[in-house]
Amino acid sequence: QVQLVESGGGLMQAGGSLRLSCAASGRTFSTYVMGWLRQAPGKEREFVAGINRSGGSTYYADSVKGRFTISRDNAKRTVYLQMNSLKPEDTAVYYCNQDPPRANYWGPGTQVTVSS
């Protein structure tokens, strides 16, 4: 079973940048399509960004397109989310998972708070 651990969240002013990381255990990481999702207070978890197995193809939710960049390093079994031009509405707990997500792969998430 794969374990996923997110890190890199924090408190940031609007317009700032953060880079999230998600470290995966297991030798099969490179076979997974991966994604980042987020859940804001009182809202359902939503898709943010996805990346194919090689990292050559990425896709984004309209709300983050042009501001966020997903990438991966299969040798390090890590997927990243570079977040630029942060907005208060980006405030959420951010999770990585396979895309589509697997129920038993959720990690603890990392909190991102953007102040106006």
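For the structure itself, look to the data block above.
So, a few notes on the structure that sits alongside this text. Each chain carries its own residue numbering, running from 1 in the written order of its sequence. Residues qualify for local features only when their pLDDT is at least 70, as the model is predicted, and side-chain atom pairs are given and counted only at 80 or more; totals for whole chains, interfaces and linings, by contrast, use all residues. Hydrogens and waters are ignored; side-chain quantities use all the structure's heavy atoms.

Considerations on the environment of Gln-13
Piece 1. Inspection of the secondary structure assignment puts Gln-13 in strand β2 (residues 10-13).
Piece 2. Summary of the burial criterion: residues with accessible area below 20% of their type's maximum are buried, those above 50% are exposed, and those between are partly exposed, where the area comes from a 1.4 Å probe applied to protein chains only. A residue is classified by how much of its surface remains accessible, and Gln-13, at 59% relative accessible area, is exposed.
Piece 3. Along the chain, Gln-13 and Val-48 lie 35 residues apart, while their C-alpha atoms are 20 Å from each other.
Piece 4. Once you skip the residues sitting within four places of it in the chain, Gln-13 turns out to touch Val-114 and Ser-115. What counts as a helix is a DSSP run of H or I of at least four residues, what counts as a strand is a run of E of at least two, and both are numbered from the N terminus. Contacts between residues were defined by any pair of non-hydrogen atoms, one from each residue, lying within 4.5 Å.

Description of unusual backbone geometry
Piece 1. Going from Asp-99 to Pro-100, the amide bond is cis rather than trans, its omega being 0 degrees.
Piece 2. Along the chain, the position of Pro-100 falls in the loop between β9 (92-98) and β10 (110-115).
Piece 3. The backbone of Arg-77 sits at a positive phi, close to 50 degrees, despite the residue not being glycine.
Piece 4. Looking at where Arg-77 falls in the secondary structure, it is placed in the loop between β7 (68-73) and β8 (78-83).
Piece 5. Residues other than glycine seldom take positive phi values, yet Ser-85 does so here, at roughly 50 degrees.
Piece 6. One can find Ser-85 in the loop between β8 and β9.
Piece 7. Using a relative accessible area of 40% as the deciding quantity, one classes Ser-85 as partly exposed.

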